Amino acid sequence: MTDIRAILQTDLVTEPTRHVLTERLNAPRRQPAFFTADEFALLRAICDRLIPQDDRSDAERVDIAGGIDERLTENKSNGWRYDEMPPDRDAYQLGLRGINQSAELVFGKPFVALSTEQQDSVLKAVQALDSPDSAWQTLPADRFFEELLAEAVENYYSHPLAQAEIDYVGFADAKGWEL
Amino acid sequence: MTYDAVVIGTGAGGAPLLARLAKAGLRVVALEAGKFWKPAQDFATDERAQDKLFWNDERLTAGNDALAFGNNNSGTGVGGSTLHYTAYTPRAQPDDLRIRSEFDVGEDWPIDFTDLEPYYDEVEQFLGVSGPSPYPWGPVRKRGYALGPLPVNKAGRLMEQGCRTLGIRTSPAANAALSASYYQDGVGHRPACINRGFCQAGCRNGAKASMDVTYIPLAMHYGAEIRPECFVTQFRRDASGKISEVIYVRNGQEERLHCKNVFLCAGAIETPRLLLLNGIANSSGQVGRNLMAHTALQIWGEFDDDIQPFKGIPGAVISEDTHRPAQRFGVPTDFVGGYLLQSIGVMPVTYLSQLARGRGLWGADLKRAAAAYNHVAGINILGDCLPYAHNYIELSDEKDSRGLPKPRVYFSNGENEERMTAHADQIMRQIWEAAGARNVWAFPRNAHVIGTCRMGHDPDTSVVNADGRAHDIPNLYISDNSTFPSALSVNPALTIMALALRTADKFLMSERAKE
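Just so it is clear, the model here is predicted, and its values are computed rather than measured.

**Student:** Would you explain the overall build of chain B in this entry?
**Tutor:** Scanning chain B from N- to C-terminus turns up twelve helices and 24 strands. The C-alpha radius of gyration of chain B comes to 22 Å, within 12% of the 24 Å expected for a compact globule of 515 residues. Counting only C-alpha atoms and orienting by the principal axes, one finds that chain B spans roughly 70 × 50 × 50 Å. Looking at chain B as a whole, 65% of its 515 residues are labelled buried. Restricting to contacts in chain B with at least 6 residues of sequence separation, those with at least 24 account for 74%. Per element, the accessible surface of chain B, about 17400 Å² overall, is 46% carbon and sulfur.

**Student:** So what exactly am I meant to see when it comes to the overall build of chain A here?
**Tutor:** When you go through chain A residue by residue, the secondary structure sums to eight helices and one strand. Counting helices and strands in the order they occur from the N terminus, chain A gives α-α-α-α-β-α-α-α-α. Once the C-alpha set of chain A is aligned to its principal axes, its extents read approximately 55 × 35 × 35 Å. Within the span of chain A, comprising 179 residues, buried residues form 53% of the whole. Put simply, 65% of the contacts in chain A that link residues at least 6 apart link residues at least 24 apart. Of the roughly 8200 Å² that chain A leaves accessible, carbon and sulfur atoms contribute 48%. The positive charge centre, built from 18 side chains, and the negative charge centre, built from 33, are 3 Å apart in chain A.

**Student:** I'm lost on the pattern of salt bridges in this one. Help?
**Tutor:** It is possible for side chains bearing opposite charge to pair when their charged atoms get close. Residue and element names in this part refer to chain B. Summed over all chains, the structure comprises 51 salt bridges over all chains. Between arginine 141 and glutamate 124 there is a salt bridge, and its shortest N-O distance comes to 3.3 Å. With arginine 141 in the loop between α4 (113-127) and α5 (154-166) and glutamate 124 in helix α4, this pair connects stretches of sequence that are 17 residues apart. Residues arginine 141 and glutamate 124 agree in their burial class; the two are buried. The salt bridge involving arginine 408 is made with glutamate 394; its shortest N-O contact spans 2.8 Å. Residue arginine 408 is found in strand β21 (residues 405-410), and its partner glutamate 394 is found in strand β20 (residues 392-399); the two are separated by 14 residues along the sequence. A relative accessible area of 17% means that arginine 408 is categorised as buried. Taking relative accessible area as the criterion, glutamate 394 reaches 24% and is therefore assigned partly exposed.

**Student:** Please explain the interface of chain A and chain B as it appears in this structure.
**Tutor:** Between chain A and chain B, the contact holds 47 residues from the first and 52 residues from the second. Roughly 4100 Å² is buried in total at the junction of chain A and chain B, and carbon and sulfur atoms are behind 57% of that figure. Inspection of the region where chain A meets chain B yields nine salt bridges. We note a salt bridge from B:Arg408 to A:Asp83, for which the minimum N-O separation is 2.9 Å. The tally of links from chain A across to chain B stands at 28 residue pairs in polar contact (both at pLDDT 80 or more). Of all the secondary-structure elements, those providing two or more residues to the side of chain A that touches chain B are α2 (15-25), α3 (37-50), β1 (80-82), α6 (116-127), α7 (141-157) and α8 (160-165) of chain A. For the side of chain A that touches chain B, the element with the highest residue contribution is α7(A), accounting for ten residues. Here the side of chain A that touches chain B is built from residues that sort into 23 nonpolar, eleven polar and 13 charged.

**Student:** What is the right way to read the pairing of strand β5 (residues 59-62) of chain B from this model?
**Tutor:** The side chains of a regular strand alternate between the sheet's two faces. Of the two faces of β5(B), the one holding B:Arg59 and B:Thr61 and the one holding B:Leu60 and B:Ala62 are both buried throughout. With three bridges joining them, β1(A) and β5(B) adopt parallel strand pairing. The residue of β5(B) that forms the bridge with A:Tyr82 is B:Thr61. One ladder, built from three bridges, connects β5(B) with β21(B); its direction is parallel. Along β21(B), the bridge assignment pairs B:Leu60 with B:Arg408.

**Student:** In this structure, what is going on with α7(A)? I would like to understand it.
**Tutor:** Since the α-helix turns once every 3.6 residues, residues separated by three or four places project in the same direction. A rise of 1.5 Å per residue sets the reference length of α7(A), with its 17 residues, at 24 Å; its end C-alpha atoms lie 24 Å apart and thus fit the reference within 8%. Counting buried residues along α7(A), 14 of its 17 residues qualify, which places the element largely inside the surrounding structure.

Definitions and limits used
- Residues numbered from 1 in each chain as written.
- Chains lettered and ligands numbered in written order.
- Predicted model: local features only at pLDDT ≥ 70, side-chain atom pairs only at ≥ 80, totals over all residues.
- Heavy atoms only, no water.
- Helix = DSSP H or I, 4+ residues; strand = E, 2+ residues; numbered from the N terminus.
- Rg over C-alpha atoms; globule rule 2.2 N^0.38 Å.
- Buried < 20%, exposed > 50% of the residue type's maximum accessible area, 1.4 Å probe, protein only.
- Contact = heavy atoms within 4.5 Å.
- Areas by Shrake-Rupley, 256 points an atom, 1.4 Å probe, with all protein chains shown as cover.
- Lys, Arg positive; Asp, Glu negative; His and termini not counted.
- Charge placed at Lys NZ, Arg CZ, Asp CG, Glu CD.
- Salt bridge = Lys/Arg side-chain N within 4 Å of Asp/Glu carboxyl O.
- Buried area = accessible area lost by both parts, 1.4 Å probe.
- Polar contact = N/O pair within 3.5 Å; in protein donor to acceptor, adjacent residues only side chain to side chain.
- Nonpolar A, V, L, I, M, F, W, Y, C, P; charged D, E, K, R; others polar.
- Pairing = 2+ DSSP bridges.
- Expected span 1.5 Å × (residues − 1).

This is how it looks when you write it as structure tokens:
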């Protein structure tokens, strides 16, 4: 795996690039400002299944849920929203509730109390629109899942440690590339 | 003070026109919603940091094939979406402008290829487009490209290899990024491309011909004024119906400009949105209608080779053999129009985000697919799209942060686009199979919003005339992709610029005729 911290110190990285990547690398784990503590714990548990980080120490884990909380706190948009979806803040609150209700209806426990296999089966059902209908009356489950997954992936793979995991070194382009 | 012209938007439609009017000695000002960036210090090689280049005001997107916005389509900042375009600059072919004559559906343009040709030539030379000479498709050119083609990356090599096996001709593509340093009066020296491959997230050294390093400096050289971070909201009209004032918001405060003429160049969503908000130029009822979006299916594959898909100009290789596939291959097709084939490189977050949306992968499956990033290469198409009554933009009831109604955009591919895409899916899979790809997958998408204020001779069925002037308002012109009567089977930027120069010249001629 690429030693990202070492590369960032070299002249292979431009100053603006070094600045944003170092800041992201050193960002503290976020205390939720938009989500409640319970919602945030649930969102973290979901993100851990979508993009597992079991091989990382706590200090090195990418704070995927924190990035979502930050965006929703600032009410930032990525420029578009499926017309059938409510505004992002509402969608996340309804979607988290839907996932928890699906867990309760199928396994009789909240999502965070389930085994990882049970959690995965809840998420698969949400993605495939096989969740109990009663949990998803005001939100299309498949669209919510798509939006959540895309945002989780974008947060995770924007992080230098995740980029090192896939051996991406494109940010070290101060001198350009020979083809 | 009264300006001769207020230009709204500084992208491919606004910037060339602004430079032309300034050169003619007019007092001109451009209003731009976004910032005036200094790429060397403001642009990081980081997709997340660069999302500041996208038009991120929320648009509601509806229909069977709801369009993505943000990083797909409009940009913000001086230079507009050219700040994040891939700089792919093929010319339209003459028959692209005559879809109805050829197929009895869609719309013909009210102008001919010969009207555009001298402007294509001028824009290519001014920007320093790098490409092959001779170019294998379309009419014989009067002049070759300004510079030789850019180096071909691995995705391009693989496409060449696959196409060779199948008997499909390829060529290095025309790209508005410099294969060698280039000098232009009024602009100065621009350095050669260093193959960063980050075109879609902002060029750092000015090698890519975004408007902020080409037509905008030229316009400023001739005295044009640029006002960034100004969001236009209203037009005031005089007793004769002409626009006399443009009202915009800067730093939360309303300001106004007195003007003799207005050039609306805000792109195919914001241009009709502004007209609809003001209830003007719409006696035809066509503002916001006829929305088209190119068919743009991508086929991705994994290869044994180390591809490093972030390196080099993303769209390195082209084939226009599929422009009219029936003519080229002698096999009838079940769709009208055609498309081009293009090799594609990709930045990691863009690729993995598409992987998430397109394949729905998560958990260990996602990690496995992501680990192959350095081994992926893509091909995509860029194909024509017919106008349909079911595709349009309207104002929604939901308000944005400025208190203005968010646009709602409806888009569903018709049978023709579905058939064209199916044809392309088959061909691209064959190319990738011949090149040795594994784990091939398709990402369906549409790119570029086009046609929401179309041009035509008939004021009942079009918004502007062939010169870009609004049928309803004599001192209002539109110059951007919203005026295209058909989508074309090529990327729109070069044609937008060519048409912008033509619109400026037509305007200047009509002004001279008044004197």
